[in-house]
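# Understanding the architecture of this molecule
Here is what each chain is made of, one letter per residue.
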Amino acid sequence: MLRIAVPNKGSLSGPASAILHEAGYQQRKESKELVLVDPVNEVEFFYLRPRDIAIYVSTGRLDIGITGRDLLVDSGADAEEILPLGFARSTFRFAARPGTAESAEDLKGSVVATSYEGIVARHLAERGVDASVVHLDGAVETAIELGVAQVIADVVETGTSLRNAGLEVFGEPIMHSEAVVIRRTGAGAEDAAEPKVQQFLRRLQGVLVARAYVMMDYDCRAEHLERAVALTPGLESPTVSPLHNEGWVAVRAMVPAKDAQRIMDDLYALGARAILTTAIHACRL
Ligand SMILES: Nc1ncnc2c1ncn2[C@@H]1O[C@H](COP(=O)(O)OP(=O)(O)OP(=O)(O)O)[C@@H](O)[C@H]1O
Ligand SMILES: O=P(O)(O)OC[C@H]1O[C@H](OP(=O)(O)OP(=O)(O)O)[C@H](O)[C@@H]1O
Ligand SMILES: [Mg+2]
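These figures come from a predicted structure and were not determined experimentally. (Residues numbered from 1 in each chain as written. Chains lettered and ligands numbered in written order. Predicted model: local features only at pLDDT ≥ 70, side-chain atom pairs only at ≥ 80, totals over all residues. Heavy atoms only, no water.)

Helix and strand counts for the protein stand at nine helices and 15 strands. Overall size of the protein, expressed as C-alpha extent along the three principal axes, is 80 × 50 × 35 Å. Look at the contacts in the protein between residues 6 or more apart in sequence, and 68% of them connect residues 24 or more apart. Working note: accessible area of the protein is about 15,000 Å², and carbon and sulfur atoms make up 50% of it. Averaging the positions of the 29 positive and the 39 negative side-chain charges in the protein gives two centres separated by 3 Å. (Helix = DSSP H or I, 4+ residues; strand = E, 2+ residues; numbered from the N terminus. Contact = heavy atoms within 4.5 Å. Areas by Shrake-Rupley, 256 points an atom, 1.4 Å probe, with all protein chains shown as cover. Lys, Arg positive; Asp, Glu negative; His and termini not counted. Charge placed at Lys NZ, Arg CZ, Asp CG, Glu CD.)

This is the structure we're talking about:
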């Protein structure tokens, strides 16, 4: 059985279970379940705190896990990212009251509050900045008002939490994060679990592609085919079939979902007709 760590709480938990479900894996029905065996797919899921997942995976007791890139880096565990998943996107940034500082270099002698001590301590050390780091579990934005720190380093998505606390980001983002699949550093072809890991990754990649692309079908005059195909090159090459009406062809290609409407306009302007898009539910590329 492949043993997989899944976040049990927080921003990563819902979308992680959703992508696994879309990839055809059984998922827990109830948030108190800690372990779930999916016998058909020969996978065992362990629902763990997101912050602990890299630690479990680094020991090799679990084969792979889903966590945040920021949590992976912060843990310092011997685990590496093998597939970015595109959800729980955030930046990790310094923030303070306006006018406090402009960059990490201004933080000498300051107290920085954060839930990500590992990332912050390393970032400051790399720049030779001597500042103290205070660990807080959450709601870090409040640490400044309560006088625990002059500066915070925290996850920022919309910036609403910072604005509500009267704080502003400063300096370059410390890192960009999103949910990622991780495994033990150095795991590879020699591992017994490797074929199953690769199959698991192909399934998740299939979901990511199915989410990002639609299938587009249209008819166009043969003399317009080259220009039409330039608009819909597909992933490898579009399928072109003859139509019963001479001089017309049917074209089928995958296109990025976000561009679909613009491409349909451009194809129509080119004289293409019967332009249809359909959702892709699953795929293996
Ligand atoms: N508002 C947010 N938007 C996007 N990603 C976020 C947000 N808050 C946290 N994350 C991401 O979620 C992961 C942290 O998960 P974790 O469960 O520890 O915290 P959380 O989602 O803030 O939940 P909670 O604080 O309620 O326990 C990190 O990878 C972080 O980048
Ligand atoms: O930029 P925003 O869209 O406001 O999102 C960022 C906030 O979301 C998370 O907080 P969460 O609600 O998880 O509370 P926590 O600080 O207790 O973790 C994170 O720690 C930030 O505070
Ligand atoms: Mg949080």
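A few words on the site of ligand 1. In the vicinity of ligand 1 lie 14 residues, with Gly10, Ser11, Asp70, Ser90 and Glu157 positioned nearest. Contact between ligand 1 and Ser11: an oxygen atom at 2.5 Å from a side-chain N or O atom of the residue. Within the side chain of Glu157, an N or O atom sits 3.4 Å from a nitrogen atom of ligand 1. Notes on ligand 1: free accessible area 590 Å², of which the protein chains cover 65%. The class makeup of the residues in the shell around ligand 1 is six nonpolar, four polar and four charged. If you count residues domain by domain, the shell around ligand 1 takes at least three from each of domain 1 (2-87 + 178-187) and domain 2 (90-176). (Near = heavy atom within 4 Å. Polar contact = N/O pair within 3.5 Å; in protein donor to acceptor, adjacent residues only side chain to side chain. Nonpolar A, V, L, I, M, F, W, Y, C, P; charged D, E, K, R; others polar. Domains from an automatic or database assignment.)

In this section: the UniProt feature "domain: Histidine biosynthesis HisG C-terminal" (unreviewed entry) in the protein. The UniProt feature table records "domain: Histidine biosynthesis HisG C-terminal" (unreviewed entry) at residues 210-281. In residues 210-281, the share of helix is 28% and the share of strand is 40%. The end C-alpha atoms are 6 Å apart. (UniProt positions renumbered as here; feature names shortened; annotations may be inferred.)

Within the secondary structure layout, Thr114 lies in strand S7 (residues 111-114). The exposure class assigned to Thr114 is buried, which follows from its relative accessible area of 0%. Here Tyr116 takes part through its backbone nitrogen, which lies 3.0 Å from a polar atom of the side chain of Thr114. If we ignore the near neighbours within four places in the chain, the residues touching Thr114 are Phe92, Val120, Val133, Val134, His135, Leu136, Val140 and Ala153. (Buried < 20%, exposed > 50% of the residue type's maximum accessible area, 1.4 Å probe, protein only.)

All right, on to unusual backbone geometry then. At Ala88, a residue that is not glycine, the phi angle is positive and equals roughly 50°. A positive phi is found at Ala274, a non-glycine position, where the angle reads about 50°. Looking at where Ala274 falls in the secondary structure, it is placed in strand S15 (residues 273-279).

Right, let's talk about the pattern of salt bridges for a bit. All told, the structure shown has 15 salt bridges when counted by the stated rule. One salt bridge in this structure joins Lys258 and Asp259, with 3.4 Å as the shortest N-O distance. With a relative accessible area of 74%, Lys258 lands in the exposed category. Here the salt bridges do not stand alone but share partners, grouping Arg69, Glu81, Arg89 and Glu178 into one network. (Salt bridge = Lys/Arg side-chain N within 4 Å of Asp/Glu carboxyl O.)

It is worth spelling out the UniProt feature "domain: ATP phosphoribosyltransferase catalytic" (unreviewed entry) in the protein at this point. Within this numbering scheme, the UniProt entry marks residues 49-206 as carrying the feature "domain: ATP phosphoribosyltransferase catalytic" (unreviewed entry). In residues 49-206, the share of helix is 31% and the share of strand is 30%. The end C-alpha atoms are 26 Å apart.

Quick look at helix H9 (residues 260-269) now. Residues Ala260, Ile263, Met264 and Leu267 constitute the buried set of H9. The arc that holds the buried residues of H9, viewed along the axis, is 100°, so those residues lie on one side. Turned more than 90 degrees away from the buried face of H9 sit Gln261, Asp265 and Ala269, all of them exposed. If you follow the buried residues of H9, they end up packed against strand S12 (213-221), helix H8 (225-231), strand S14 (248-256) and S15. Gly271 occupies a position one or two residues after H9 and carries a positive phi of about 105°. (Arc of directions from axis to C-beta.)

Quick look at helix H7 (residues 194-212) now. Here H7 spans 27 Å end to end across 19 residues, near enough to the 27 Å set by a 1.5 Å rise per residue. Within H7, burial applies to Glu194, Val197, Phe200, Leu201, Arg203, Leu204, Gly206, Val207, Val209 and Ala210. (Expected span 1.5 Å × (residues − 1).)

The immediate surroundings of ligand 2 are formed by Gly138, Ala139, Glu141, Asp154, Val155, Val156, Glu157, Thr158, Gly159, Thr160 and Ser161. In the environment of ligand 2, an oxygen atom lies 3.3 Å from a nitrogen or oxygen atom belonging to the side chain of Asp154. Residue Glu157 places a main-chain N or O atom 2.8 Å away from an oxygen atom belonging to ligand 2. Protein chains shield 60% of the accessible area of ligand 2, which is 490 Å² for the free molecule. Broken down by secondary-structure element, the contributors of at least two residues to the shell around ligand 2 are strand S9 (151-156) and helix H6 (160-164). The leading source of residues in the shell around ligand 2 is S9, at three residues. Considering only residue class, the shell around ligand 2 consists of three nonpolar, five polar and three charged.

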